[in-house]
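Residue strings, one per chain:
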Amino acid sequence: MRGPSWLGAVLFLGVQLRALWPVAAMEVHTSKEVNAVNGTNLRLKCTFSSSSPISQKLSVTWNFQPEDLSSHEPVFYYLSEPYTLSTGRFKERVTWDGNIERNDVSIMIWNLQPTDNGTFTCQVKNPPDVDGTIGEVRLRVVQKVHFSEIHFLLVAIGSACVVMIIVVTAVIICRHHRKKAQEKRIEVADTELREKENLKIREEKEATPLED
């Protein structure tokens with residue numbers, strides 16, 4: 001009796017542990033933050049890893065939340081094939097740039113605008129892996145720097161460097177002239193002192209009477 005009871009307890013414990021054991025879920029990977037210049041195009045990279053083979057029911061959902069934290073907006077959807085948006089701020093500005101066989105679900109955003117500042121989310125579901133992490137990437141669109149502004153900046157930096165060189169050179173020359181003038185004054189003072197000493201010696205000799 002003890003043998004079967006012991007075996008049953010072991011089997012029951014094994015079933016319970018298996019039920020509690022964490023099942024591998026979907027993992028989605030994106031960059032944390034990217035910067036891009038206004039008016040350019042940007043590839044938002046998103047990859048995934050799944051414990052299950054890629055199925056025909058795999059879906060990809062890209063959403064966007066503006067910086068003002070208003071409601072999420074749809075950006076892109078994939079299910080067996082890419083679906084583009086017919087309305088919204090990203091209409092005709094988002095295209096598929098991924099490869100499902102390589103676990104790549106990236107998209108391309110064209111003609112970036114300052115209103116694109118915000119957070120993009122990338123969610124992948126590959127049944128039965130439908131739970132897991134959601135990739136988030138924060139986009140910062142910066143203003144384009146015109147050539148005239150760059151030229152002005154380079155001229156300003158160059159002018160500042162030239163002025164600095166002139167000032168340093170002038171300081172060095174002034175210090176050199178001061179040192180030379182000081183050395184000249186010291187030399188003249190030494191010469192005058194020696195002449196005075198020689199003159200004094202001659203006067204003392206002339207004032208001393210000759211001994212018989």
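Structure shown above.
Residues numbered from 1 in each chain as written. Predicted model: local features only at pLDDT ≥ 70, side-chain atom pairs only at ≥ 80, totals over all residues. Heavy atoms only, no water.

Draft legend 1. Quick look at the nonpolar core. Judged by nonpolar contacts, the single largest core of 28 residues is most densely connected at L44, W62, V75, V105, F120, V124 and L139. Elements with a minimum of two residues in this core: β2 (33-37), β3 (42-44), β4 (46-49), β5 (59-66), β6 (73-79), β9 (107-109), β10 (118-125) and β11 (135-142). Residues in contact with V75, not counting those within four places in the same chain, are W62, N63, F64, L85, F90, V94, I107 and F120. (Core = buried A, V, L, I, M, F, W, Y, C linked by side-chain atoms within 4.5 Å. Buried < 20%, exposed > 50% of the residue type's maximum accessible area, 1.4 Å probe, protein only. Helix = DSSP H or I, 4+ residues; strand = E, 2+ residues; numbered from the N terminus. Contact = heavy atoms within 4.5 Å.)

Draft legend 2. Structural view of the sheet that holds strand β7 (residues 81-83). Strand order in the open sheet formed by six strands is β2-β11-β10-β5-β6-β7, and the pairing between neighbours is mixed. Each end of this open sheet is capped by a strand with a single partner; those strands are β2 and β7. Strand-to-strand twist across the sheet, computed as the mean angle between neighbouring axes with direction ignored, equals 20°. In this structure, β6 lies alongside β7, joined through three bridges in antiparallel fashion. From the neighbouring strand, Y77 faces β7, where its bridge partner is Y83. (Pairing = 2+ DSSP bridges. Axes fitted to C-alpha atoms, helices over the stretch in contact; angles between N-to-C directions.)

Draft legend 3. Broad picture of the pairing of β10. Inspection of the sheet shows β5 paired to β10 by eight bridges, in the antiparallel sense. Note that in β10 the partner of W62 across the bridge is C122. When β10 meets β11, the two strands line up antiparallel, connected through five bridges. In the sheet register, T119 faces β11, and the bridge partner there is R138.

Draft legend 4. Inspection of the environment of N103 at higher detail. Mapped onto the fold, N103 is located in the loop between β8 (94-96) and β9. With a relative accessible area of 24%, N103 lands in the partly exposed category. Spatially, the C-alpha atoms of N103 and T47 are 5.6 Å apart, while their sequence positions differ by 56 residues. Apart from the residues lying within four places of it in its own chain, the contact partners of N103 are C46, T47, F48, S49 and I54. A polar side-chain atom of N103 sits 3.0 Å from the main-chain carbonyl oxygen of F48. (Polar contact = N/O pair within 3.5 Å; in protein donor to acceptor, adjacent residues only side chain to side chain.)

Draft legend 5. Structural view of the packing of aromatic side chains. One pass over the full model with this rule turns up six aromatic pairs. Measuring from centroid to centroid gives 6.2 Å for Y77 and Y83, while their planes differ by 40°, and the two rings are tilted. Residue Y83 is classed as partly exposed on the basis of its relative accessible area, which comes to 41%. For the ring pair Y78 and W96, a centre distance of 4.6 Å and an interplane angle of 20° mean the geometry is stacked. With Y78 in strand β6 and W96 in strand β8, this pair connects stretches of sequence that are 18 residues apart. You can call W96 partly exposed: its relative accessible area is 23%. Joined through ring pairs, the aromatic side chains of F64, F90 and F120 make up one cluster. (Phe/Tyr/Trp six-rings, centres within 6.5 Å; stacked < 30°, edge-to-face > 60°.)

Draft legend 6. Geometry of the sheet that holds β3. Across the sheet, which stays open at both edges, the three strands sit in the order β3-β9-β8 with antiparallel pairing between neighbours. The strands lining the two open edges of the sheet, one partner per strand, are β3 and β8. Across this sheet, the average inter-strand angle for adjacent strands is 30°, counted without regard to direction. As paired strands, β8 and β9 are joined by three bridges and run antiparallel to one another.

Draft legend 7. The state of the cysteines, seen in detail. Inspection of every chain in the model, using the stated rule, returns one disulfide. Here C46 engages in a disulfide with C122; their sulfurs sit 2.2 Å apart. Between C46 and C122, the S-S dihedral sits near -90°, and the bridge is therefore left-handed. Here C46, found in strand β4, pairs with C122, found in strand β10; they are 76 residues apart in sequence, far enough to count as distant. Judged by its relative accessible area of 0%, C46 falls in the buried class. Look at C122 and you get buried, because its relative accessible area is 0%. (Disulfide = S-S within 2.5 Å.)

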